[in-house]
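# Breakdown of the fold
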Amino acid sequence: MDIYAHNILDHYKNPRNKGVLNEADASCRSLNSSCGDEVTVFVKMKGEKMDKISFEGHGCAVAMAGMSILSEALIGKTVAEIMTMDLSDVQKYLGINISPRRHKCALIGLRSLQGALKVRADKLKE
Amino acid sequence: MLDYRSHFPLLSRRYNDKALVYFDNAATTPKPELVIEAVNKYYREHNANIHRGPNFLAEEATNLFEDSRKTVAQFIGADHKEIIFTSGATAAFNLLARVLGETNLKTGDVVAISQAEHHANIVPWLQLKERIGIELKYIKVNESGDFETSSLDNILHDKKLRILSLTQASNVLGHLYDLKTILAKAKEQGVLTIVDAAQSIAHHELNVKDLGADFLVFSGHKLFAPSGVGVLYGRFELLDKMSVFFGGGSMMSEVKEQSFEAIEAPYKFEAGTPNIEGVIGLGAACRYLQSIGWELITQQEKELAQYFLQRLKEYPFVKLLGGENNRLSLFSLVLEGAHPHDMSDLLGEEGVITRAGHHCAQPLHESLGISSSLRASLAFYNTTLEIDYFFEKLVAIKTRLS
């Protein structure tokens, strides 16, 4: 696994889409209980397609770069596509091999996004 | 100086063609050959359940197990009847919280701990809060790691205080607490006292009678023994009166269809087949440390701590949590420009084993205003050369990350 990879360090140091998204349809906060990392994700949809993603929080390079990369890469994806994504998808976007001890770090962004989409779905049901 | 490294098979492990620098002793210590051999021998030669079976294997195993109880008792200055073997410090805390909660506490009673506690000395009390409505109060810890005097006084004067449960050393701040006077004050008011010795046990000589604790807990795996075994020490007169926790085999003198009678302490707290090889390993670990001697262990660790603190001053981007006084050779660091998790991972790639996170002390990290730290925890067998290597790699990684 190469945390030093150019795109990882770039997104870690200059995270894209950081901040609260006021017009968000839903948000979700996730914690990584073993390391204290924390992410809150905001999503704005256009129909069933992802329109905007932003996030707040703190964490390691893998977690933060992963979140930042997803916030760009998943625009235009459908709810169904995002809900079925898993570690292998995140790995593709990050472009590095992720060792098992960092799985939780890599997944915190995707899990928060999926959480936010679930919150939105619950809201729509009401 | 003797080369203690050769006593520990783990330390000859190489990774990425680099020597192992084991700076994670607060999480778990490596095991000396003697301990591994004791566990191995039990399975190869004895392998019997204890306290039952009229055959020679059972007798040998029982003797080894009970010899360990005596060794551990002597190791901490207790009587062997005051040593309960548990699966670890966490199990010991849960036993105490449940049994004392059922018999000694009622709604509104106060249990006090400090902000420097491990989750094992927090959550069981929070569970009691949920179950019977006790109040959990915290003694504040200041920047240098000490208990805040006014906060401590307030709690000691609380008329509803029933249990005071404190750590002898913080697993984050590395601060060693002098609990003797505090415990004596609590005792004067009839408050039960519990000491968490999980972090201190492998670094300083302990005498429970001199310390004056009613109960004391620790885990074997932080004391060079196998994991899955720990100790609950309790003053015999208290253990004798306490009701049992786990029910099952070997803790009863008689079981009828509708009733049972428990045997005497400490055995009444050891239901079921215990971690026999773990207990035997724990006895071997205590004997190993005694063969080295406390004088040498504390002197060696003091020198390591002084050297670490001295080297630390060269790096302004590294902030140490807690003060320098009364410190174990345990250092939690916050690094400007590098997340602890990345640093720990990348140090590992250089052969340096550390830990990152909140080290099961989330309330403490919250009170310090941080979410995680990088912890380097040393033991007597570590060397100043290893400390040099640690800082060399720390700087190199930080430079690449920022």
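In this text, all values refer to a predicted model and were calculated from it rather than measured experimentally.

Time to look at the overall build of chain B. Secondary structure assignment for chain B yields 13 helices and 17 strands. In summary, chain B has a C-alpha radius of gyration of 22 Å against a globular reference of 21 Å for 402 residues, a match within 12%. Counting only C-alpha atoms and orienting by the principal axes, one finds that chain B spans roughly 70 × 55 × 35 Å. Expressed as a percentage of the 402 residues in chain B, the buried residues total 48%. Long-range pairs, those at least 24 residues apart, make up 69% of the contacts in chain B between residues at least 6 apart in sequence.

It is worth spelling out the packing of helix α3 (residues 89–103) of chain B against helix α4 (residues 123–132) of chain B at this point. Residues and elements named next belong to chain B. Relative to each other, α3 and α4 sit at 25°, their axes nearing to 9 Å. Here α3 is positioned roughly parallel relative to α4, judged by the angle of their axes. The way α3 lies across α4 gives a crossing that is right-handed. Contact residues: Phe 93, Asn 94, Ala 97 and Gly 101 in α3; Pro 124, Trp 125, Gln 127, Leu 128, Arg 131 and Ile 132 in α4.

Residues and elements named next belong to chain B. Under the domain assignment used here, chain B contains domain 1 (4–30 + 293–401) and domain 2 (36–290). The partner domain 2 presents 27 residues to the 26 residues of domain 1 that form the contact. If you list the elements that add at least two residues to the side of domain 1 that touches domain 2, you get α10 (294–312), β14 (330–335) and α12 (362–368). Element by element, the count of residues in the side of domain 1 that touches domain 2 is highest for α10, at four residues. Tallied by class, the residues present in the side of domain 1 that touches domain 2 amount to 13 nonpolar, eleven polar and two charged.

Residues and elements named next belong to chain B. Reading across from one edge, β4-β10-β9-β8-β7-β5-β6 is the order of the seven strands in this open sheet, with mixed pairing throughout. Strands with a single pairing partner mark the edges of an open sheet, and in this sheet they are β4 (83–86) and β6 (135–139). Within this sheet the neighbouring strands show an average axis-to-axis angle of 20°, counted without direction.

This part covers the interface of chain B and chain A. If you look at the interface, chain B gives twelve residues, while chain A gives 13 residues. Of all elements in the fold, only α11 (340–349) and β16 (355–357) of chain B reach the threshold of two or more residues within the side of chain B that touches chain A. Looking at the side of chain B that touches chain A element by element, the count peaks at four residues for α11(B). A class-by-class count of the residues in the side of chain B that touches chain A yields two nonpolar, seven polar and three charged.

Moving on, we get to the sheet that holds β16(B). All names here are of chain B. One open sheet accounts for four strands, arranged β13-β14-β17-β16; its pairing is antiparallel. Bordering the open sheet on either side are β13 (318–320) and β16, each of which pairs with just one other strand. Across this sheet, the average inter-strand angle for adjacent strands is 35°, counted without regard to direction. The sheet contact formed by β14 and strand β17 (residues 373–377) spans four bridges and is antiparallel. By the bridge assignment, Ser 332 is partnered in β17 with Arg 375.

Relative to strand β3 (residues 49–58) of chain A, strand β2 (residues 37–46) of chain A runs antiparallel, the two being bridged by nine bridges. Residue pairing for β3(A): Lys44(A) is matched across the bridge by Lys52(A).

All names here are of chain B. A large share of strand β5 (residues 110–114) lies buried, amounting to four of its five residues. Both β5 and β6 contribute to a ladder of five bridges, which runs parallel. Following the sheet pairing, Ala 112 is matched in β6 by Lys 137. Handedness of the β-α-β unit built from β5, α4 and β6 comes out right-handed. The pairing of β5 with strand β7 (residues 161–167) spans three bridges and is classified as parallel. If you follow Val 111 over to β7, its bridge partner there is Ile 163.

Rules of the game
- Residues numbered from 1 in each chain as written.
- Chains lettered and ligands numbered in written order.
- Predicted model: local features only at pLDDT ≥ 70, side-chain atom pairs only at ≥ 80, totals over all residues.
- Helix = DSSP H or I, 4+ residues; strand = E, 2+ residues; numbered from the N terminus.
- Rg over C-alpha atoms; globule rule 2.2 N^0.38 Å.
- Buried ≥ 20, exposed ≤ 12 C-beta atoms within 10 Å, placed from the backbone.
- Contact = placed C-beta atoms within 7 Å.
- Axes fitted to C-alpha atoms, helices over the stretch in contact; angles between N-to-C directions.
- Parallel < 35°, antiparallel > 145°, perpendicular 65-115°, else oblique.
- Left-handed = near helix turned anticlockwise from the far one by under 90°.
- Domains from an automatic or database assignment.
- Nonpolar A, V, L, I, M, F, W, Y, C, P; charged D, E, K, R; others polar.
- Pairing = 2+ DSSP bridges.
- Right-handed = clockwise from strand over helix to strand, strands pointing away.

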